[in-house]
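Survey of secondary and tertiary structure
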Amino acid sequence: MASALATGGLILLAGLFFYTTSSIPEISGVINDYAKVTSVSGDDVTVDDASNFTVGDKVLIIQMKGAVISEVDDTTYGDVTSWGSAGEYEFNYIKAKNSNDLTLNHELCKTYDPSHTVQLVRVPEYDSVRITGELNPAPWDGTKGGVLALAANYKVRVAADLVASAKGFEGGSFNGSARGRSLTYTCALGSGMGGAKGEGIVEVALTGCRGKLANGGGGGNDHNGGGGGGGNYGEGGMGGDGWKSNSAGNLSDLDKGGRGGLSLQNLYEDGVPRLFMGGGGGGGHQNNGASFPGGTGGGIIMVISPVVHMETAQAVNASGEDAQDITINDGSSGGGGGGSILLDVDRVINPDLLTLSVSGGDGADIRTADQHGPGGGGGGGIINSTTLLSDSIVYEVNGGVAGLFISTRSSHVYHNTPHGASSGADGAILHNLVIQKCSNPPTIDLNGSDSGTDYDTEFYPAGPDQEFILGEVAISDDDDTEMGSATIEIINPVDGSDEYLRMGDSFDENGNISANRGGDGHSISLVGQAPIADYLNAIKSIVYNDTSATYDDQPRMISVEVDDGGATSNSAMVTLNFSNTEFPVEWLYFQVEAAGSAAKLEWGTAIETNSHYFDVERSFDGKQFDPIGQVQAAGNSSTVKDYQFSDPNVLEAEGNEVIYRLRQVDMDGQFEYSSLVSLNMEDLKSESTQLKVANPVTGGSMQISLINTPESGGKLSLYSVNGQLIKSQRVSQSNLQQINIEVGTLNSGIYILNYKFGQRQISKKIKIQN
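The shown structure was predicted, so the numbers you read here are calculated from the model rather than taken from an experiment.

What follows covers the overall build of the protein chain. The number of helices and strands found in the protein chain is five helices and 48 strands. Counting every position in the protein chain, which comprises 770 residues, the buried fraction comes to 55%. Considering only contacts in the protein chain between residues 6 or more positions apart, those separated by 24 or more positions represent 72%. With an accessible surface of roughly 30,000 Å², the protein chain has 46% of that area assigned to carbon and sulfur atoms.

Counted under the stated rule, the structure contains 23 salt bridges. Here Arg556 and Glu499 are joined by a salt bridge, their closest N and O atoms 2.5 Å apart. Remark: Glu499 occurs in strand 27 (residues 499-503) and Arg556 occurs in strand 31 (residues 556-563); sequence separation between them is 57 residues. In this structure Arg556 comes out as buried when scored by relative accessible area, which is 0%. One connected set of salt bridges, linked through shared partners, spans Glu26, Arg130, Arg157 and Glu311.

As a further point, take the sheet that holds strand 9 (residues 118-123). On the basis of which strands lie adjacent, the closed barrel formed by six strands has the order 2-3-8-7-4-9 and antiparallel pairing. For this sheet the average axis-to-axis angle between neighbouring strands, irrespective of direction, equals 45°. Both strand 2 (residues 33-41) and strand 3 (residues 44-47) contribute to a ladder of four bridges, which runs antiparallel. The residue bridging Val37 from the neighbouring strand is Val47, located in strand 3.

Our focus in this paragraph is unusual backbone geometry. The residue after Asp222, namely His223, is reached through a cis peptide bond having omega 25°. Phi at Ala214 is positive, roughly 60°, even though this residue is not glycine. Mapped onto the fold, Ala214 is located in the loop between strand 12 (162-163) and helix 3 (266-269). With a relative accessible area of 0%, Ala214 lands in the buried category. If you check the backbone angles, Asn350 has positive phi at about 60° while not being a glycine. On the secondary structure map, Asn350 appears in the loop between strand 15 (340-349) and strand 16 (354-357). Using a relative accessible area of 34% as the deciding quantity, one classes Asn350 as partly exposed.

Turning to the sheet that holds strand 33 (residues 585-595), a few remarks are in order. The three strands lie next to each other as 33-34-37, forming an open sheet whose pairing is antiparallel. The sheet is open, and its two edges are formed by strand 33 and strand 37 (641-647), each paired on a single side. On average, adjacent strands in this sheet sit at an angle of 15° to one another, irrespective of strand direction. Relative to strand 37, strand 34 (residues 598-608) runs antiparallel, the two being bridged by seven bridges. Note on strand 37: the bridge partner recorded for Leu601 is Phe645.

Below, the discussion takes up the confidence of the model for the protein chain. Here the protein chain shows a mean pLDDT of 85. Residues at 70 or above account for 88%. Here residues 1-22 scores under 50 on pLDDT; set against residues more than four positions off or in separate chains, the count is 28 contacts. Considering only residues more than four positions removed or in separate chains, one finds that residues 449-462, a stretch of pLDDT under 50, has 59 contacts.

Turning our eyes to something else, we now look at the state of the cysteines. Structurally, a disulfide amounts to a covalent bond that connects the sulfur atoms of two cysteines. Applying the stated criterion across every chain, the model contains one disulfide. Each sulfur of the disulfide joining Cys187 and Cys209 lies 2.2 Å from the other. Note on the Cys187 and Cys209 pair: the S-S dihedral is about 100°, so by sign convention the disulfide is right-handed. Linking Cys187 in the loop between strand 12 and helix 3 with Cys209 in the loop between strand 12 and helix 3, this pair joins segments that are 22 residues apart in sequence.

This brings us to the environment of Ala594. Assignment of secondary structure puts Ala594 in strand 33. Put simply, Ala594 and Leu691 are 97 residues apart on the chain and 9.9 Å apart in space, counted from C-alpha to C-alpha.

Right, let's get into the packing of aromatic side chains. Inspection of the entire model under this criterion finds nine aromatic pairs. Measuring from centroid to centroid gives 5.8 Å for Tyr268 and Phe276, while their planes differ by 90°, and the two rings are edge-to-face. Here Phe276 falls in the buried class, since its relative accessible area comes to 1%. On the basis of an interplanar angle of 15° and a centroid distance of 5.7 Å, the ring pair of Trp603 and Tyr643 is categorised as stacked. Of the two residues, Trp603 is situated in strand 34 and Tyr643 in strand 37; the sequence distance between them amounts to 40 residues. Tyr643 carries the same exposure label as Trp603, and that label is buried. Positioned over the ring face of Phe671 is Arg663, at 4.1 Å from the centre of the ring.

Another point: the nonpolar core. As a rule of thumb, soluble globular proteins bury nonpolar side chains together. Judged by nonpolar contacts, the single largest core of 38 residues is most densely connected at Leu60, Tyr89, Phe91, Ile201 and Met302. Going through the elements one at a time, strand 4 (58-63), strand 7 (89-98), strand 9, strand 11 (147-158), helix 3, strand 13 (300-310) and strand 21 (428-430) are the ones with two or more residues in this core. Those residues in contact with Met302, other than ones at most four positions away along the chain, are Leu60, Tyr89, Phe91, Leu148, Ala149, Leu150, Leu275, Leu342 and Ile435. Ile131, Val156, Ile301 and Val397 belong to the second-largest nonpolar core, a separate cluster that totals 31 residues.

The rules behind these values
- Residues numbered from 1 in each chain as written.
- Predicted model: local features only at pLDDT ≥ 70, side-chain atom pairs only at ≥ 80, totals over all residues.
- Heavy atoms only, no water.
- Helix = DSSP H or I, 4+ residues; strand = E, 2+ residues; numbered from the N terminus.
- Buried < 20%, exposed > 50% of the residue type's maximum accessible area, 1.4 Å probe, protein only.
- Contact = heavy atoms within 4.5 Å.
- Areas by Shrake-Rupley, 256 points an atom, 1.4 Å probe, with all protein chains shown as cover.
- Salt bridge = Lys/Arg side-chain N within 4 Å of Asp/Glu carboxyl O.
- Pairing = 2+ DSSP bridges.
- Axes fitted to C-alpha atoms, helices over the stretch in contact; angles between N-to-C directions.
- pLDDT = per-residue confidence, 0-100.
- Disulfide = S-S within 2.5 Å.
- Phe/Tyr/Trp six-rings, centres within 6.5 Å; stacked < 30°, edge-to-face > 60°.
- Lys NZ or Arg CZ within 6 Å of the ring centre and 35° of its normal.
- Core = buried A, V, L, I, M, F, W, Y, C linked by side-chain atoms within 4.5 Å.

Written as structure tokens, this is what we have:
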């Protein structure tokens, strides 16, 4: 978020003069809308009711359940055998709406399974906003709710609490009879053998008895065992022993307490953290009408804003619910697990006025003459932020306290003890938050002319102590204006530590981007949420150096990728070919396309002097190139020469991409390499989208054929060789389209025709003769 502050500085300053606390929007109550997701495919999402969603809305899609558990009736019951998509989430925007069918701005990058409870949440976005009354999420109803999410571009002013306590997974209910007194871990609801398990992140038919339900607490077993606490980051506590257990002649009711809900710790600390509500506490075994269910888990609160300004002392509270104490001869219930608070915030003004709470709920006490099972405490939740926040903030992440057996006879040996119940484990405060963001991948091009579809080739005189500046770069990103990282790597170094990359003198070390070199200098990573222009300047400044005393003329390849925080670009390549000879060939274009089951290569030259032939070389990894054919050159020419080559056997290879280059050999045996071109193998293994145009273009009109265009259509654009957009138009879905573009007003020369569809694109170099 640092770059958001940097680029928005003037607007924030203006706010000092024009914004007052009364002129910005004031909010309270429930600000989000919710819908159950019924299907997901690419960038299409269908919900049960989209009436409160509209085009342009920011939305959060989140998988609420989906873990798979062991259902064996032993101590493993409720252990997670697969996390599935539980807790996966990402943000997006609505691009189009047709009844309950929504099209998003870009394809979802996570996998979601609507059969296991996925919801879509509308997230209001503000420039600045003031919270004047308590904010809440809608309560979780089994399919949606439980999430409070707020986004602001500049500042959130806080003059009231944000509360999602007891808005998460529901606690287990009570039983109405007693029978069996078994030690089973699962039993049918209503059987009388045990209280209901608390709700958790698994989609199974709700059952009773002492086995946990992932992070949902287990129910107390017959007779009168206490319910276990729900879990989140911290594990839920154990429910207490049953009626008169530990008494002489009644040892059978030992170990009747529900098991505590599981800890989800590993899913918060590895990779991009997932996102969960607190598990519900298990219900105690009850046969005398106590009728209080387990505590409800805490919900989820997300605040996304560069600045949070605390105007008064307030709390952001997603704690689990305390289970309700009972005063009758029954087992009591477990507390709810603490929820989750996520803060994508750079700075908190007046941090001493802020309290963040995700504590677990307390287990319920039991007040009666003879010992019965108290409830286990709920596990603490998670507070996670993208940056290290002030120590002045009050953080509450404690596990809930175990309930007590409080005897009406103070002399009772177990009076005022947990009687087998245990407290929930503490939650955690982390600062590794990466707000899950997915997007259409950016494209990068190293000569700035073709939106990432071709790769620049540079040549440098041979000899020791070589230096080469990476130079011209272009980055294109449809749905973002910032980058998150870049990786630059020599992928085939040969000179060990004498060959390295470094940042050039023009790199701004005090800017929004930090540069980190690998230990051997063969790679550089650029990190920082910064505008595309900053990344362009940083990449352009990178220098390749070879300070070895000896000279190795093997071509080097430097790979460049950028990431916008949601998706990674194509891997653009600059090839360094070293030679002492000035080669008298002026390359005009080099391109490849699918042609049935073959790969069709086309290239052209503007000038040739003593040119002998072209070796066509192929690679499937970008490192090892093998010759596959030869084409005779023109020898001496001062006019445009066009060449073709077909690779009919490429389908025999395995892999996702095939890469080609040309080795142009002169009459005296000297040679040079062309740029690299690549082709996705899927184009050859299925009906591919094809872009066909008569070349050169004469008569003032360009006639274009688009074959096998995808259902979603695409965008056709014409660029100059310098990357300037000249014409652009949308193409609707059709198997075959004939399109005419008037180019009579353009100067004669070379242009690039580009067709982009989804995350892929096809480009052709076109010669216009007017």
